[in-house]
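# Per-entry structural report
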Amino acid sequence: MLHVYLRRSPSPTPGMTTSTSTSGIRTNPNVQPMPSSYSASNLSVGTTSGVGQLSPQRPTRLNVPDSTYCLSCLPSGLNFSAAMAAKQQLPPPQPKSEGDRDYIGFATLPEQVHRKSVKRGFDFTLMVVGESGLGKSTLVNSLFLSDLYKDRRIPDALERIEKTTTIEKKTMDIEERGVKLRLTIVDTPGFGDAINCEESWRACCSYIDEQFRQYFTDESGLNRKNIQDNRVHCCLYFVPPYGHGLRQIDLEFMRRMHRKVNIVPVIAKADTLTSTEIKRLKEHIMADIEDHKIQIYQFPDCDSDEDEEFKQQDRELKACVPFAVVGSNTVIEVAGKKVRGRQYPWGVVEVENPKHSDFIKLRTMLISTHMQDLKDVTQDVHYENFRAQCISQISQQAIRERSKLKRDSGPQFDPSITDTDRLLLQKDEEMSDLEDFDHVFDNSGWG
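Residues numbered from 1 in each chain as written. Predicted model: local features only at pLDDT ≥ 70, side-chain atom pairs only at ≥ 80, totals over all residues. Heavy atoms only, no water.

Looking now at the state of the cysteines. Taken as a whole and assessed by the stated rule, the structure comprises zero disulfides. Free cysteine Cys-234: the closest other cysteine sulfur is in Cys-235, separated by 7.0 Å. (Disulfide = S-S within 2.5 Å.)

Spelled out as structure tokens, the structure:
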């Protein structure tokens, strides 16, 4: 029997003979096998491969009786039949799942964007348009739980005769759960208050174009790091509750503005109408919008991976357009609970009650769910249209300047052209450029 032995000391023991086999293993034919009393509990044995073997763990100092012991002889405590049976019962090795793969780290990009956005803050500009007395200021105060119009004075009848539409801008900083929002409210006092309201839309249109032009100038400049966005991201247009649909002034305003800003129609003072009247008025307003091909703000479609609750909320928001709202700055106690509402002899109209008003749905759409989409549509659609128009005008101007240079330098090299022919060619080119410019300007919808 061939035995493999280990020695405690580096020097051989006197009187011990050694021999070398053909395989290069040092053997001792005179050494005795490991005694059976030295059980397997004294060894660190692993069974990962199914057979008894020394574990790859840190070696443990063994207490053996002799200075040499044999590793080729099996201790009596080891049972290989049980180890082989356990090996057959082990499940086959499974491939690594996606979670066990090596981690790269780009999954933290949304967190990086979130931290940077929160640190920089957000901007949002809201324009409210409608006649005086429809509750625009009250609704804005109810939406953002603030009082922006403390010193507002209502003009009398004499002042409204020659009243023109003006622009009032108020800015406030709001912080909620560490998120900062710079809110700008653009009010339009005097809209629709004068006897002749044909030009009421012009002040609003000029203001929106001016903000687009300022942003285009800043974007084309050298210092683009700190560009302040004052573009109008949403326009709440207040429709009076009386009448049977949109009036001519409403249609004219929407027709002039629907390619410049996101229009969200709102029925003001909905507490003056019954549920049946509100439903009928909404149908008439949407029919007028469709007949005149006015493009109001369209809610984006839900993704397929959204949960059913969000899809149901999106369907309810789409069904409520135009929103019938009620605003109030008064806090009333109802059934032991303080709510914002209006007290009438026949009861209380609660602002945040879905059965009384669409205020909650409007606030959810405007602030909680679609504020970023309103900004994206402003950037990707309305501002891009204005930017394309500006670039087209710049190109037309460059073409006219080059044509003028050619006309000034042409006669010097062509003496056969008379002064009369030169004048006729110049007039023809000017008329052609003017017709091209008017055609592009009319088709763009910015006239």
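For the coordinates displayed, the defined rule picks out one cavity of 30 Å³ or more. Of the volumes computed, that of the largest cavity is approximately 40 Å³. What lines the largest cavity is simply Ile-263, Val-264, Pro-265, Ile-296, Tyr-297, Phe-299, Val-321 and Phe-323. Ranked by the residues each element gives to the lining of the largest cavity, the list is headed by strand S11 (residues 263-267), at three residues. A class-by-class count of the residues in the lining of the largest cavity yields eight nonpolar, no polar and no charged. (1 Å grid on protein atoms, 1.4 Å probe; cavity = no way out; pocket = protein on both sides within 12 Å on 5 of 7 lines; lining within 4 Å. Points joined across faces, edges and corners; volume = space filled by probe spheres on them. Helix = DSSP H or I, 4+ residues; strand = E, 2+ residues; numbered from the N terminus. Nonpolar A, V, L, I, M, F, W, Y, C, P; charged D, E, K, R; others polar.)

A separate point is the sheet that holds strand S15 (residues 347-350). Judged by pairing direction, the sheet is antiparallel, and its three strands sit side by side in the order S13-S14-S15 without closing on themselves. In this open sheet, the two strands that pair with only one neighbour each are strand S13 (331-334) and S15. Here the average twist between neighbouring strands, direction ignored, is 70°. (Pairing = 2+ DSSP bridges. Axes fitted to C-alpha atoms, helices over the stretch in contact; angles between N-to-C directions.)

All right, on to the side chain of Ser-328 then. Structurally, the position occupied by Ser-328 is in the loop between strand S12 (323-324) and S13. With relative accessibility at 2%, the residue Ser-328 sits in the buried group. Not counting residues up to four positions away in its chain, the partners in contact with Ser-328 are Thr-138, Ser-142, Arg-340, Gly-341, Arg-342 and Val-351. (Buried < 20%, exposed > 50% of the residue type's maximum accessible area, 1.4 Å probe, protein only. Contact = heavy atoms within 4.5 Å.)

Counting across every chain of the model gives eight aromatic pairs. A centroid spacing of 5.2 Å and a plane angle of 90° characterise the contact between Tyr-215 and Tyr-383, whose relative ring orientation is edge-to-face. Of the two residues, Tyr-215 sits in helix H5 (residues 200-220) while Tyr-383 sits in helix H10 (residues 371-409), which places them 168 residues apart along the sequence. For Tyr-383, a relative accessible area of 0% corresponds to the buried category. Ring plane angle 65° and centroid distance 5.5 Å describe the contact between Tyr-297 and Phe-299, whose orientation is recorded as edge-to-face. Across the pair, exposure class does not vary: Tyr-297 and Phe-299 are buried alike. (Phe/Tyr/Trp six-rings, centres within 6.5 Å; stacked < 30°, edge-to-face > 60°.)

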